[in-house]
Amino acid sequence: LPAGSVLDADALFWLAQGGALRERLPAGMILTPHLGEMARLTGRPVAVIEADRARAARELARELSAVVVLKGPCTLVAEPGGRTHVSPVVAPCLATGGSGDVLSGVLAALRAGGLSPLPSACLGVYWHGLAGKHLENEHPRRGALAREIADALPKVLKETSPC
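Residues numbered from 1 in each chain as written. Predicted model: local features only at pLDDT ≥ 70, side-chain atom pairs only at ≥ 80, totals over all residues. Heavy atoms only, no water.

A. How the structure looks around the overall build of the chain. The helix and strand tally for the chain stands at eight helices and five strands. In the chain, the order of α-helices and β-strands from amino to carboxyl end is β-α-α-β-α-α-α-β-β-β-α-α-α. Against the globule reference of 15 Å for 163 residues, the chain gives a C-alpha radius of gyration of 15 Å, in line with a compact fold. Entry remark: accessible area of the chain is about 8200 Å², with carbon and sulfur atoms responsible for 57%. Averaging the positions of the 17 positive and the 15 negative side-chain charges in the chain gives two centres separated by 3 Å. (Helix = DSSP H or I, 4+ residues; strand = E, 2+ residues; numbered from the N terminus. Rg over C-alpha atoms; globule rule 2.2 N^0.38 Å. Areas by Shrake-Rupley, 256 points an atom, 1.4 Å probe, with all protein chains shown as cover. Lys, Arg positive; Asp, Glu negative; His and termini not counted. Charge placed at Lys NZ, Arg CZ, Asp CG, Glu CD.)

Written out as structure tokens, the structure reads:
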């Protein structure tokens, strides 16, 4: 795996299995687990992780020398050095299948554009959240489809761009 890659879903499943992949994981990766994936990665019950999400994210980030995006309410971005950033945007409509795939795509695009892992993770989480807020305004009280989130991103980028 190239350093700075984004790992989600099946990649996190295989990483949780341990072995050679975990041992050879290069520094600077971005991991995007939800609570269930975090439980598999750490070997801890979901309830333990929920009790202190920031600690769990920081510990995994330190252990793997990776940026960890722990998805959920108030998504967290943990650095290997121990700092944790909390998303200021909460959008419950993003708690749907496919939403994390869109987030991973945003993160990968930011990495491909030359941003380092931490700014990519923080900016990607923020934009993804803003897309969710945009969709909540359009469609209150329902989850967002992945394609709707992806379609909302250019609108959000245009609205938040200083140019």
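B. Broad picture of the sheet that holds strand β4 (residues 76–78). Read across the sheet, five strands follow the order β1-β2-β3-β4-β5 without closing on themselves; strand pairing throughout is mixed. Strand pairing shows two members of the sheet lacking a second neighbour, β1 (6–7) and β5 (84–86), which therefore form its edges. In terms of strand pairing, β4 meets β5 through three bridges, oriented antiparallel. Across the sheet, Val77 pairs through a bridge with His85, a residue of β5. (Pairing = 2+ DSSP bridges.)

C. How the structure looks around helix α3 (residues 35–42). Along α3, the residues classified as buried are Leu35, Glu37, Met38, Ala39 and Leu41. In this fold, the buried residues of α3 make contact with α1 (10–16), α2 (19–23), α4 (46–51), α5 (53–64) and β3 (67–70). (Buried < 20%, exposed > 50% of the residue type's maximum accessible area, 1.4 Å probe, protein only. Contact = heavy atoms within 4.5 Å.)

D. The arrangement of the pattern of salt bridges in detail. Evaluation of the coordinates by the stated rule reveals seven salt bridges. A salt bridge links Asp8 to Lys71; the shortest N-O distance between them is 3.1 Å. In this pair, Asp8 sits in the loop between β1 and α1 while Lys71 sits in the loop between β3 and β4, placing the two residues 63 residues apart along the sequence. Assigned by exposure class, Asp8 and Lys71 land together as buried. Linked through salt bridges whose partners overlap, the residues forming this network are Arg44, Arg55 and Glu59. (Salt bridge = Lys/Arg side-chain N within 4 Å of Asp/Glu carboxyl O.)

E. Spatial organisation of unusual backbone geometry. With phi around 50°, Ala9 is a residue other than glycine that occupies positive phi space. Looking at the element boundaries, Ala9 is found in the loop between β1 and α1. The phi dihedral of Cys74 falls on the positive side, at around 55°, and the residue is not glycine.

F. How the structure looks around the nonpolar core. If you look at the biggest cluster of nonpolar residues, it comprises 21 residues, and the most contacted ones within it are Leu15, Leu31 and Met38. If you list the elements that add at least two residues to this core, you get α1, α3, α5, β3 and β4. For this core, the element with the highest residue contribution is α5, accounting for five residues. In this view, Leu31 contacts Leu7, Leu12, Leu15, Leu60, Leu64, Ala66, Val67, Val68 and Val69; residues no more than four positions away in its chain are not counted. (Core = buried A, V, L, I, M, F, W, Y, C linked by side-chain atoms within 4.5 Å.)

G. Main features of the environment of Leu76. Turning to its location among the elements, Leu76 is positioned in strand β4. With relative accessibility at 5%, the residue Leu76 sits in the buried group. In this structure the C-alpha to C-alpha distance between Leu76 and Pro88, which are 12 residues apart in sequence, comes to 9.8 Å. Residues contacting Leu76, with those up to four places away along its chain left out, are Arg53, Ala54, Val68, Val69, Leu70, Thr84, His85 and Val86.

H. Seen up close, the packing of helix α6 (residues 99–112) against helix α8 (residues 146–160). At their nearest, the axes of α6 and α8 sit 8 Å apart, and the two run at 35° to each other. The handedness of the crossing between α6 and α8 is right-handed. Facing α6, whose interface residues are Ser99, Val102 and Val106, α8 presents Ala146, Ile149, Ala150 and Leu153. Of the residues in the contact of α6 with α8, the class split is six nonpolar, one polar and no charged. (Axes fitted to C-alpha atoms, helices over the stretch in contact; angles between N-to-C directions. Left-handed = near helix turned anticlockwise from the far one by under 90°. Nonpolar A, V, L, I, M, F, W, Y, C, P; charged D, E, K, R; others polar.)

None of this, on its own, says anything about what the molecule does.
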